[in-house]
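Residue-level structure breakdown
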Amino acid sequence: MSRGNAWVLGASGQIGRVAVQALVEDGWEVTAASRGGGRDARWGGAVRTAALDRDEDGALAAALGDGCEVLVDMVAYGADHARQLTGLTDLIGSAVVISSGAVYEDDQGRSFDTQGEPDGAPRYPVPIPETQRTVPAGGATYGTRKIQLEQDLLAAGDTLPVTLLRAGAIHGAYCRSPRELYFVKRLLDGRGRRVLSYGGTSRFHPVHVSTLAELIRLAAGRPGSRVLNAGDPQAPTVAEIGEAVDAVLGRRTETVLMAGPPGDDGVGSTPWSAAHPIVYDMTAAERELGYQPVTGYVESLPETVEWIAAQLKGKDWTEAFPLMLRAYGKKLFDYAAEDAWLETYDRKA
């Protein structure tokens, strides 16, 4: 028996591809909407597709037609998208919306937005509960836009039950900015040593796309207004992640530990580097949705690594992953600076 109609916005992205499949397997009649209207080969013929630019005036309302029981939104940001969704309560029974752990700030007001400032590294409780204070709502940054979205959607109350999932460091195939690239490329380039700042102990809680898909599936079947963290059952250190990538590719790398923060030359900096651990509490998801882990970081890693390696074939990393270049710059793979640092390190050893 069908559970009803489900619409997925951003269906061709890394989360959407897996979420569509999870909803289909759970008995939903799914329409997968994206700008290009593409189809994943794994979905099968039962999934309807729609080409949709949700920012075009009236486009989402027209596409929904008679409406849906649940709308899953991977690509909602800020007040405008909140206004769009709350203006369609006559067409949407409930919603599941992807938010971000970037909305949290510590008790001194430090957050992802302040990390580049002197003493700007946030020191969160471990693990971070959903009750932890958040950045001010607004339109200035990714985090402030996401909390604005959250607050405006929750203010809709009973007219639009919405589950907001505060995702950690998302990983999996089809990621446009995969953090694992940091280790995969080094191995493919034959690098035998790597330098990790903060003693290799940085922890930035990952969440695999299948974990997010499971949370989406559960929330779709249990409508309600709530905010939940979304993270894997483990939050490995950056050193442990490097060792796990080594294992997937059958390589062995010497890890050289830098006691403090990365240098100005970028040596020791990784996409996980943080002075203090960022770990999300998952007990609310277990309590509210009956969530149980479906995979762990190490178990899910081979597919991710293989997909990244395939994207790099015949391409420079800046071409294969331009968003990584935009986010981290060319210092991410400045081997000359790294070798110079290692030469100095070896002389002192």
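Residues numbered from 1 in each chain as written. Predicted model: local features only at pLDDT ≥ 70, side-chain atom pairs only at ≥ 80, totals over all residues. Heavy atoms only, no water.

**Some thoughts on the sheet that holds strand β6 (residues 162-167)**
Within the open sheet, the seven strands sit side by side as β3-β2-β1-β4-β5-β6-β10. Their pairing is parallel. Strands with a single pairing partner mark the edges of an open sheet, and in this sheet they are β3 (48-51) and β10 (226-230). Going from strand to strand, the sheet's axes swing by 20° on average, the running direction of each strand aside. Both strand β5 (residues 92-100) and β6 contribute to a ladder of six bridges, which runs parallel. Across the sheet, S100 pairs through a bridge with A167, a residue of β6. Packed onto the sheet, helix α1 (residues 14-25) meets β1 (4-9), β2 (28-34), β4 (68-73) and β5 and runs at close to 165° relative to β2. (Pairing = 2+ DSSP bridges. Helix = DSSP H or I, 4+ residues; strand = E, 2+ residues; numbered from the N terminus. Axes fitted to C-alpha atoms, helices over the stretch in contact; angles between N-to-C directions. Contact = heavy atoms within 4.5 Å.)

**Some points on the packing of aromatic side chains**
Inspection of the entire model under this criterion finds 11 aromatic pairs. For the cation-ring pair, K146 lies above Y77, with the distance from its terminal atom to the ring centre recorded as 4.3 Å. The ring of Y335 has R191 sitting right over it, with the charged end atom 4.2 Å from the ring centre. (Phe/Tyr/Trp six-rings, centres within 6.5 Å; stacked < 30°, edge-to-face > 60°. Lys NZ or Arg CZ within 6 Å of the ring centre and 35° of its normal.)

**Looking at the side chain of H276**
Within the secondary structure layout, H276 lies in the loop between β11 (254-257) and α8 (283-289). The class for H276 is buried, based on a relative accessible area of 18%. (Buried < 20%, exposed > 50% of the residue type's maximum accessible area, 1.4 Å probe, protein only.)

**Here we look at the packing of helix α3 (residues 78-86) against helix α4 (residues 142-154)**
Two numbers describe how α3 lies on α4: the axes approach to 7 Å, and their chain directions differ by 25°. In this view, α3 runs roughly parallel relative to α4, as classed from their interaxial angle. The way α3 lies across α4 gives a crossing that is right-handed. Touching G78, A79, H81, A82, L85 and T86 of α3 are R145, Q148, L149, D152 and L153, all from α4. The residue makeup of the contact of α3 with α4, split by class, is five nonpolar, four polar and two charged. (Parallel < 35°, antiparallel > 145°, perpendicular 65-115°, else oblique. Left-handed = near helix turned anticlockwise from the far one by under 90°. Nonpolar A, V, L, I, M, F, W, Y, C, P; charged D, E, K, R; others polar.)

**With respect to the pairing of β5**
In terms of burial, β5 is largely enclosed, as eight of its nine residues are buried. Direction of pairing for β4 relative to β5: parallel, over a ladder of five bridges. Across the sheet, residue L71 finds its bridge partner in β5, namely A95. What joins β4 to β5 is α3, and the crossover it makes is right-handed. Between the parallel pair β5 and β6, the chain is carried across by α4, and the sense of this crossover is right-handed. (Right-handed = clockwise from strand over helix to strand, strands pointing away.)

**Brief notes about the pattern of salt bridges**
Applying the stated rule across the entire model yields 22 salt bridges. Between R193 and E254 there is a salt bridge; the shortest N-O distance is 3.1 Å. Taken as a pair, R193 in strand β8 (residues 193-196) and E254 in strand β11 lie far apart in primary sequence, 61 residues in all. Exposure remark for R193: the relative accessible area of 22% places this residue in the partly exposed category. Judged by relative accessible area, E254 falls into the partly exposed class, the value being 42%. Counted as one network, the salt bridges with shared partners bring together R3, D26, E214 and R217. (Salt bridge = Lys/Arg side-chain N within 4 Å of Asp/Glu carboxyl O.)

**Examining the environment of P129**
Within the secondary structure layout, P129 lies in the loop between β5 and α4. Residues P129 and A76, 53 residues apart in the sequence, show an inter-C-alpha distance of 23 Å. Once residues within four sequence positions are removed from consideration, P129 is found in contact with Y104, N229 and D281.

**Some thoughts on the packing of helix α5 (residues 181-188) against helix α7 (residues 238-249)**
At a minimum axis distance of 10 Å, the contact between α5 and α7 shows a crossing angle of 45°. In terms of axis orientation, α5 runs oblique to α7. Here α5 runs over α7; the crossing is right-handed. Judged by residue contacts, F183, V184 and L187 of α5 engage V238, I241, G242, V245, D246 and L249 from α7. Its residues placed into classes, the contact of α5 with α7 shows seven nonpolar, one polar and one charged.

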